Amino acid sequence: MKKTGSFMGFIFILTVCLLAASFAFLPAHAQARDIKVGILDAYTGPAAVFANDALKAFKLALEEINKEGVLGKKIEFVTRDTKFKVDIGLNMAKELVMREDVDLIVGTINSGVALAVSDAISKKEKVPFIVWISKSENITGKKGHRYVFSTADNTAMGGRSGAYALSRKPYKTYWIAGDDYSYGHDLANTAWEKLKAAKPDVEKIGESWWKPGEPDLIPYLTNIMTAKPDAVIFCTGGLSMANVLKAVKTTGMAEKFPIWVHTATDHAVLKPLGADAPEGVMGTMHYHFYYPEIPENKAFVDAFKAAYGEPPGFPAFNAYVTAKLIAEAYRKAGAVDKEKFVDALEGLKVDTPIGMLEMRACDHQMVYPIFLGVTKKLPQYDFAVSSDIVTLPGTEMLPTCEEIQKARSAQ
Amino acid sequence: MELAQSLTLSNLGIHLLVGLSRAMILFIVASGLSFVLGVLRVPNVAHGSLYMIGAFSAFSIFNLFGGSPLGFWLALCLAPFVVALVGLVAERSLFCHLYEREHLMLLLFTFALMLILGDLVKIFWGSDYRSIMAPEVLRGSIPVLGSSFPKYNLFLLIIGPLVAIGLYFFTNKTKIGKIARAAAVDREMVGAIGINVSWVFAFAFVLGCFLAGLGGAMVAPTISISLGMDHDIVIETFLIVTIGGLGNMWGALIGSLIFGITQSFGVLFWPQFAIVFPYIAVVIVLIWKPTGMLKSVW
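What you are looking at is a predicted structure, and each value in this text was computed from that prediction instead of being measured. (Residues numbered from 1 in each chain as written. Chains lettered and ligands numbered in written order. Predicted model: local features only at pLDDT ≥ 70, side-chain atom pairs only at ≥ 80, totals over all residues.)

S.K.: Describe the sheet that holds strand β5 (residues 148–150) of chain A, naming the residues involved and giving the relevant values.
M.R.: Residue and element names in this part refer to chain A. Reading across the sheet, the 5 strands line up as β2-β1-β3-β4-β5 and stay open at both edges, with parallel pairing between neighbours. The open sheet has two edge strands with one neighbour each: β2 (75–81) and β5. Direction aside, the axes of adjacent strands within the sheet are offset by 25° on average. (Pairing = 2+ DSSP bridges. Helix = DSSP H or I, 4+ residues; strand = E, 2+ residues; numbered from the N terminus. Axes fitted to C-alpha atoms, helices over the stretch in contact; angles between N-to-C directions.)

What follows is the structure, given as structure tokens:
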């Protein structure tokens, strides 16, 4: 009898505990909660260096924003690792929407993940999705829709800026080489199409395509140099970028041929190369921590350096702009509502470290000016930087709204 | 560029040289993998991770000496020993208990080890790209056959054969080398005549790791050292030891030459699709000689 009594007592206590626990969790949903951002990015593998750079700046921006709050709330975030894989990225995005109940998703360096999440989650579930590193022009181009935005620069801008820069040079024959995946080909196609339009007498004498991250580019470069083009266009990104510049330096290619590589002037590429970086390579980039030299940029760079001991890269800049946009859009919307948030983001202008920038309403693409420069070693830095910078206007480097509309309706 | 135009003797010559120098790196790494495969019968998928650790160690040693030429030479000499040490720890603590398991289990185990080592590298060195510089004498290029040929690749062309000769003397002229070779053919017999097979195995494994580390250190100045560099090399070296003949050191050399040279000539003949050439060569070899070019010890 006594045994049964203590057993019943145990059951009673257990029930009370469970009830208490469920009540403890209930108010969390009932009360007005903070704005919750779900961050989806590749935190493992070679791309992690860019994803972490973005995350750091996002945290930094939120610290500033949360001091005064947005609509009386704070902005909080949760992260999920895509491992640079589309299937994992999709599952993680679903988890963010279903389990974490996030108000919007941001992130991802992988264009494949970005396009898949944009299509299968953002569009279908009507969840706003801001892409912050992926550079595929399709994200806000032909695959764009109401709920997807991009604060990244894209291949359309890269190709156009390259064409703009090269069309002002006297070169006639070109060799195009790059990473054999969509980023490389998109960039090459846009650059060549626009260059040909601006200067019909240019001629492409050859192409080489290698697998992304190919460690040994010497045979490719040797082949290009024996073909003797007037200029060379490299369409590479990420890991291949550093490999290309290293091979350019080793073979002495930059001294013999004019070379344009989109993002060759990126600090993330030039810093690890140190004194090993080639000089005289033309590059285009939408952010440098050392340019433009204005107080707003300096303040951002100093804050980032103070927090993390290194200057911000372009992903950090993109993420910082993204955080500012999110806060401003909620303030403008006046409520934490997905539809109102999307409406507010369209055409929104925000103050950024490089000046006032606009989220273009027609395609949801952030309009960035492009800095065209040449790699150069300066005595005050132990790495190469972009020098002789010319600023190309952002709107001219983007497809027009009509072009976007045409591409989308063709889908 | 027209094909006929590209087919000049000097073009063929320079691409042959470039292909040969790439084959040297592949040979150094593949010979280590082949040695472990032959003697231990372990398909070590983590071999690429050891190559990556070799490259990262070379970076650390290079930086320890402030990026001086001395730092470079020390990195080249010491990084393989760092990797050998990692190999010794892994062999004595993990591998030595698993030799009797079937190949599938070993494959799973080494795959797990590859993921673990990859993450350890990330924890230890971070996810940034790293780079080291060859000393002044090996930088830049020299004119060869009317084209420029990187001096560092010339250096690779010297080191590769030296490693091959060293391995030849080791496996044929030293006692432990001979025992290792015998263990590759018939390990029961080696055990039966009273030789401590366990230590022979440990030694063979450590030598395999040393070669992976040497490959990593040698390749470091030509690429950006990064996470993920283990994946490509492990696929390439597995193909090389397969077409060369599993566990056969000279097979690894022949396989590397086939792989390196077809890649280089592929770029010359058809640069848009150069990626596929080495793999086509692999397919042809496997159809022609399914067990590889030379006698497999399996």
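Having seen the structure, we can now continue with the description.
S.K.: Any chance you could break down the interface of chain B and chain A for me, citing the residues and the numbers?
M.R.: Across the boundary between the two partners, chain B contributes 37 residues, which contact 36 residues of chain A. Of all the elements in the fold, those that place two or more residues in the side of chain B that touches chain A are α2 (9–40), β2 (147–150), α6 (151–173), α10 (229–244) and α11 (249–269) of chain B. Among the elements that take part in the side of chain B that touches chain A, α2 of chain B stands out by supplying 6 residues, more than any other. Partitioned by chemical class, the residues of the side of chain B that touches chain A number 16 nonpolar, 17 polar and 4 charged. (Contact = placed C-beta atoms within 7 Å. Nonpolar A, V, L, I, M, F, W, Y, C, P; charged D, E, K, R; others polar.)

S.K.: Help me get a handle on the nonpolar core, residues and values and all.
M.R.: If you look at the biggest cluster of nonpolar residues, it comprises 229 residues, and the most contacted ones within it are I259 of chain A together with A55 and A58 of chain B. Top contributing element to this core by residue count: α2 of chain B, with 18 residues. Counting the residues that make up this core, at least three belong to each of domain 1 (35–153 + 293–367) and domain 2 (156–285 + 369–397) of chain A. Contacts of I259 of chain A, omitting those with residues within four sequence positions, involve V232, F234, V248, M253, A254, V281 and M282 of chain A. (Core = buried A, V, L, I, M, F, W, Y, C linked by C-beta atoms within 7 Å. Buried ≥ 20, exposed ≤ 12 C-beta atoms within 10 Å, placed from the backbone. Domains from an automatic or database assignment.)

S.K.: Lay out unusual backbone geometry in plain terms, naming residues and giving numbers.
M.R.: Negative phi characterises most residues that are not glycine, and trans characterises most peptide bonds. All names here are of chain A. Of note, the amide linkage connecting Y291 to P292 takes the cis form, showing an omega dihedral of -5°. Along the chain, P292 falls in the loop between β10 (282–285) and α11 (295–308). Despite not being glycine, L71 shows a phi value in the positive range, around 50°. When you line up the elements, L71 lands in the loop between α2 (48–68) and β2. Backbone geometry places H364, a non-glycine residue, at a positive phi of 65°. With respect to the helices, strands and loops of the structure, H364 is situated in the loop between β12 (355–358) and β13 (370–377).

S.K.: Outline the pairing of strand β9 (residues 259–262) of chain A, supporting the account with residue identities and numerical values.
M.R.: Residue and element names in this part refer to chain A. What you see with β9 is no split at all: I259 and V261 on one side and W260 and H262 on the other are buried throughout. Across 3 bridges, strand β8 (residues 231–235) lies against β9 in parallel orientation. Paired with V232 across the two strands is I259, which belongs to β9. Here 3 bridges tie β9 to β10, and the two strands are oriented parallel to one another.

S.K.: Tell me about the environment of L157 of chain B, and please be specific about residues and values.
M.R.: Residue and element names in this part refer to chain B. Structurally, L157 is set in helix α6. The partly exposed category is assigned to L157, around which 16 C-beta atoms lie within 10 Å. Spatially, the C-alpha atom of L157 lies 8.9 Å from that of A23, the residues being 134 residues apart in sequence. Once residues within four sequence positions are removed from consideration, L157 is found in contact with L20, S21 and M24.

S.K.: Could you give an account of the sheet that holds strand β14 (residues 384–392) of chain A, with specific residues and numbers?
M.R.: All names here are of chain A. Spatially, 7 strands are ordered β7-β6-β8-β9-β10-β13-β14 in an open sheet, and the strand pairing comes out mixed. Two strands bound the open sheet, and with one partner strand each, they are β7 (203–210) and β14. Each neighbouring strand pair of the sheet contributes to a mean axis angle of 25°, computed without reference to strand direction. Across the sheet, helix α6 (residues 182–198) touches β6 (173–179), β7, β8 and β9, and the angle it forms with β6 is around 160°.

S.K.: Mind laying out the environment of K169 of chain A, listing which residues take part and the relevant values?
M.R.: All names here are of chain A. Relative to the helices and strands, K169 is located in the loop between α5 (155–167) and β6. Judged by local crowding, K169 falls into the partly exposed class, with 14 C-beta atoms found within 10 Å. Remark: the alpha-carbon pair of K169 and Y290, spanning 121 residues in sequence, is separated by 27 Å.

S.K.: Give me the pairing of strand β1 (residues 35–41) of chain A: which residues, what numbers.
M.R.: Residues and elements named next belong to chain A. The element β1 is extensively covered by neighbouring structure, given that 6 of its 7 residues are classed as buried. For the segment spanning β1, α2 and β2, crossover handedness is right-handed. As paired strands, β1 and strand β3 (residues 104–107) are joined by 4 bridges and run parallel to one another. Considered in β3, the bridge of V37 is made with L104. (Right-handed = clockwise from strand over helix to strand, strands pointing away.)

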